[in-house]
Amino acid sequence: RRRRRAEEEAAAAVAAAAAAVSAAAGPAAETQQERPSLPGAAQSPKKPLSRTGALALAAAVAEKEAVERRRLEAERRREEEEAAETARKEAEAAVELERQEGRMLKHSQDQEYHESLLQDQMKDLTARQKALRTELEAAAPEVAENENSLRNAQQRLERFGENPRLQEEISRSEARLEELRPRCADLEQELSEVEASIKNNTELLTATRAGER
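Given the structure is predicted, the values throughout are model-derived calculations rather than measurements.

1. Thoughts on the overall build of the chain
- Summing up its helical and strand segments, the chain has three helices and zero strands in all.
- In sequence order, the chain lays out its α and β elements as α-α-α.
- Residue burial in the chain is summarised as follows: out of 213 residues, 18% are buried.
- In the chain, once contacts between residues fewer than 6 apart in sequence are set aside, the share between residues at least 24 apart is 81%.
- Surface exposure of the chain reaches about 16400 Å², of which carbon and sulfur atoms provide 53%.

2. A few points about helix α2 (residues 51-160)
- Counted at 1.5 Å a residue, the expected span for α2 with its 110 residues is 164 Å, and the 158 Å between its end C-alpha atoms agrees.
- Where α2 terminates, the next one or two residues include G161, which has phi positive at roughly 85 degrees.

3. Quick word on the environment of T126
- Structurally, the position occupied by T126 is in helix α2.
- In this structure T126 comes out as partly exposed when scored by relative accessible area, which is 39%.
- For the pair T126 and V194, spaced 68 residues apart in sequence, the C-alpha to C-alpha distance is 8.1 Å.

4. Here we look at the environment of S149
- Position of S149 among the secondary structure elements: in helix α2.
- The partly exposed category is assigned to S149, whose relative accessible area is 24%.
- Along the primary structure S149 and I170 are separated by 21 residues, whereas in three dimensions their C-alpha atoms are 7.5 Å apart.
- The contact partners of S149, leaving out residues within four places of it in the chain, are E169 and S173.

5. Digging into the confidence of the model for the chain
- Predicted confidence across the chain gives a mean pLDDT of 81, with 76% of residues reaching 70 or more.
- Per-element confidence in the chain ranges from a low mean pLDDT of 51 for helix α1 (residues 2-34) to a high of 91 for helix α3 (residues 164-212).
- The model gives residues 24-42 a pLDDT under 50, and that stretch makes two contacts with residues more than four places away or in other chains.

6. A word on the pattern of salt bridges
- A full pass over the atoms with the stated rule returns 19 salt bridges.
- A salt bridge links R103 to E96, with the shortest nitrogen-to-oxygen separation between them at 3.6 Å.

7. Description of the side chain of N201
- Inspection of the secondary structure puts N201 in helix α3.
- The buried category is assigned to N201, whose relative accessible area is 6%.
- Engagement of the side chain of N201 in a polar contact is seen with the side chain of Q121, the distance being 3.2 Å.
- Aside from chain neighbours lying at most four places away, what touches N201 is L118, Q121, M122 and L125.

8. Re the nonpolar core
- L132, L136, V143, I170, C184, V194 and I198 are the most contacted members of the largest nonpolar core, which totals 20 residues.
- Secondary-structure elements contributing two or more residues to this core are α2 and α3.
- Discounting residues that sit within four places of it in the chain, C184 has contacts with L136, A139 and V143.

So, how was this worked out
- Residues numbered from 1 in each chain as written.
- Predicted model: local features only at pLDDT ≥ 70, side-chain atom pairs only at ≥ 80, totals over all residues.
- Heavy atoms only, no water.
- Helix = DSSP H or I, 4+ residues; strand = E, 2+ residues; numbered from the N terminus.
- Buried < 20%, exposed > 50% of the residue type's maximum accessible area, 1.4 Å probe, protein only.
- Contact = heavy atoms within 4.5 Å.
- Areas by Shrake-Rupley, 256 points an atom, 1.4 Å probe, with all protein chains shown as cover.
- Expected span 1.5 Å × (residues − 1).
- pLDDT = per-residue confidence, 0-100.
- Salt bridge = Lys/Arg side-chain N within 4 Å of Asp/Glu carboxyl O.
- Polar contact = N/O pair within 3.5 Å; in protein donor to acceptor, adjacent residues only side chain to side chain.
- Core = buried A, V, L, I, M, F, W, Y, C linked by side-chain atoms within 4.5 Å.

Written out as structure tokens, the structure is:
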């Protein structure tokens, strides 16, 4: 549609230029014919344009104008396309930036949640560690006391022979140690596991906080 309009405008320009040239060339030619040549007067080398020459000149001017209009139109379209491409890239960049910010926000929230969870676990583990140590410390003297009683009763029994009282003391100490020793072993095992978890969580917390900086 634009090309057709440009061609129509060019044709109109050619027609207008041809009419103007024809109008100007006619009177000039008549004046030249009516004006007698003076004897000895210098003849002008210039001749009025013929109708064909005028039409050719007008066509050339019109073509030049048409070319210029097409150039301007092409430049305008190119600028519009460049502006549209720039806007598209800016929109894509904005979307990508928003997506990255969303991922960073989610990552930050995940880190905060993970850190909070580790801190809660550390509180529970520390409390359990304290309770296990307290229980072990309370059981240790009783274990030592029953071990001493058992050892002394056995030594006296070996030295003095059968004695119901010593036998009863040995049985009582052995029974108590059978209760205390497995319990202490379980406490020590759990304490070891708790302290390993505390160490692991401490390392995780350190790494998480270092990642936030």
